[in-house]
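Structural characterization, general
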Amino acid sequence: MKRLKEFTIPFVGLKLGKHHFEYQINNTFFEHFEYEEFNSSSVNVDVLFDKKTTLFELHFEISGTVNINCDLTNEAYNQEISNQFDIVVKFGEELNDEEIDILILPHGEYEINIQQYIYEFIVLSVPTKRIHPGVKDGTLDSEILKKLEELSPKLKENKETEEETDPRWNTLKKLLTDK
């Protein structure tokens, strides 16, 4: 996959200390990853890059909205997302990104590309079960929702059926009282 230049941080030229990077993410970013789950997106990503002598610390703060379709009604709605992630970057013999929050870069590297991390953090910030807020509070007027309600099994609220017992039990109950 081609790296996007704006997400590459050349850390060789940076002084020790904290550096702030800000990114505005929209659907063109996700098209690069061929991810088509979002109808639209507007996400702010703040990255705090803390350069130390032997390692780097990256702190990501993600906030914004993505427009997605509801799993129940297929109605589009804006889902608020907000999340934070930390990554520690160390140096070693070869590239190793097997750990969740530790990245090991080869000693000769002079820059780090964070586009993959931003992509994964945003996608993982969206709930797995996507339900339109109107479904939860009952304000959504949708044909699909009406059809689901119509086809859902109804519970009988007949109290007589609850009190009515199988007649065979009555015979067994007599055994208990026939002493």
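Residues numbered from 1 in each chain as written. Predicted model: local features only at pLDDT ≥ 70, side-chain atom pairs only at ≥ 80, totals over all residues. Heavy atoms only, no water.

1. Regarding the overall build of the protein
The criterion, for reference: Secondary structure is summarised from DSSP: a helix means a run of H or I of at least four residues, a strand means a run of E of at least two, and numbering begins at the N terminus for each. When a residue's accessible area, from a 1.4 Å probe over protein chains only, is under 20% of the maximum for its type it is buried; when over 50% it is exposed; and in between it is partly exposed. In short, Shrake-Rupley with a 1.4 Å probe defines the accessible areas, and a residue's cover is counted only from the protein chains shown.
Across its full length, the protein holds six helices and seven strands. Written out in order from the N terminus, the α and β elements of the protein read β-β-α-β-β-β-β-β-α-α-α-α-α. Looking at the protein as a whole, 33% of its 179 residues qualify as buried. Per element, the accessible surface of the protein, about 12,900 Å² overall, is 50% carbon and sulfur.

2. With respect to a nonpolar patch on the surface
We count it as follows: Excluding any residue in a salt bridge, patches collect residues exceeding 30% relative accessible area, merging like charges within 9 Å and nonpolar Val, Leu, Ile, Met, Phe, Trp and Tyr side chains within 5 Å. Whenever Lys or Arg places a side-chain nitrogen within 4 Å of a carboxyl oxygen from Asp or Glu, that contact is recorded as a salt bridge.
A cluster of nonpolar side chains, contributed by W169, L172 and L175, occupies part of the molecular surface with about 360 Å² of accessible area. Taking relative accessible area as the criterion, W169 reaches 51% and is therefore assigned exposed.

3. Things to note about the environment of E111
For clarity, the threshold we go by: By the convention used here, residues are in contact when the closest approach between their heavy atoms is within 4.5 Å.
Along the chain, E111 falls in the loop between β6 (102–106) and β7 (112–113). Sequence separation between E111 and V12 is 99 residues, and the spatial gap between their C-alpha atoms is 6.9 Å. Discounting chain neighbours no more than four positions away, the residues touching E111 are T8, I9, P10, F11 and L105.

4. Topic: unusual backbone geometry
Despite not being glycine, E34 has its phi angle at roughly 60°, a positive value. By secondary structure assignment, the location of E34 is in the loop between α1 (27–32) and β3 (40–51). If you check the backbone angles, N74 has positive phi at about 65° while not being a glycine. For N74, the position within the fold is in the loop between β4 (56–69) and β5 (76–92).

5. Side note on the packing of aromatic side chains
The test is simple: Between rings of Phe, Tyr and Trp, where Trp is taken as its six-membered ring, a pair exists when centres lie within 6.5 Å; planes separated by under 30 degrees are stacked, by over 60 edge-to-face, and by other angles tilted.
Tallying each qualifying case throughout the model produces 18 aromatic pairs. Plain terms: the ring middles of Y35 and F38 are 5.2 Å apart, the flat faces sit at 75° to each other, and that makes the pair edge-to-face. Relative accessible area serves as the criterion here: at 17%, Y35 is assigned to the buried category. Ring pairing ties together the aromatic residues F7, Y23, F29, F30, F33, Y35, F38 and Y119, which thus form one cluster.

6. Focus on the pairing of β5
Short version of the rule: Following DSSP output, two strands are said to pair if at least two bridges run between them.
Of the strand pairs in this sheet, β4 and β5 are connected by 14 bridges, and their pairing is antiparallel. What sits directly across from S63, in β5, is S82. Hairpin connection of β4 to β5: six residues between the antiparallel strands, including N74 at a positive phi of 65°. Here β5 runs beside β6; their pairing, made up of five bridges, is parallel. Within β6, the position partnered with V89 by the bridge is L103.

7. Observations regarding the nonpolar core
Test applied: Definition used in this section: a nonpolar core is a set of buried Ala, Val, Leu, Ile, Met, Phe, Trp, Tyr and Cys residues joined via side-chain atoms within 4.5 Å.
Formed by 37 residues in total, the largest nonpolar core has its most connected members in I25, V45, F60, I112, I114, I118 and I122. Breaking this core down by element, the ones donating at least two residues are β2 (17–25), α1, β3, β4, β5, β6 and α2 (115–125). No other element matches β4, which puts six residues into this core. Filtering out sequence-adjacent residues up to four positions away, V45 remains in contact with F21, E22, Y23, I25, F60, E61, I62, I118 and I122.

8. Quick notes on a negative patch on the surface
Keep this limit in mind: We treat Lys and Arg as the positive residues and Asp and Glu as the negative residues; His and chain ends play no part in the count. Lys charges are placed at NZ, Arg charges at CZ, Asp charges at CG and Glu charges at CD.
Taken together, D86, D97, E98, E99, D101 and E120 make up a surface patch of like negative charges. Inspection of the secondary structure assignment puts D86 in strand β5.

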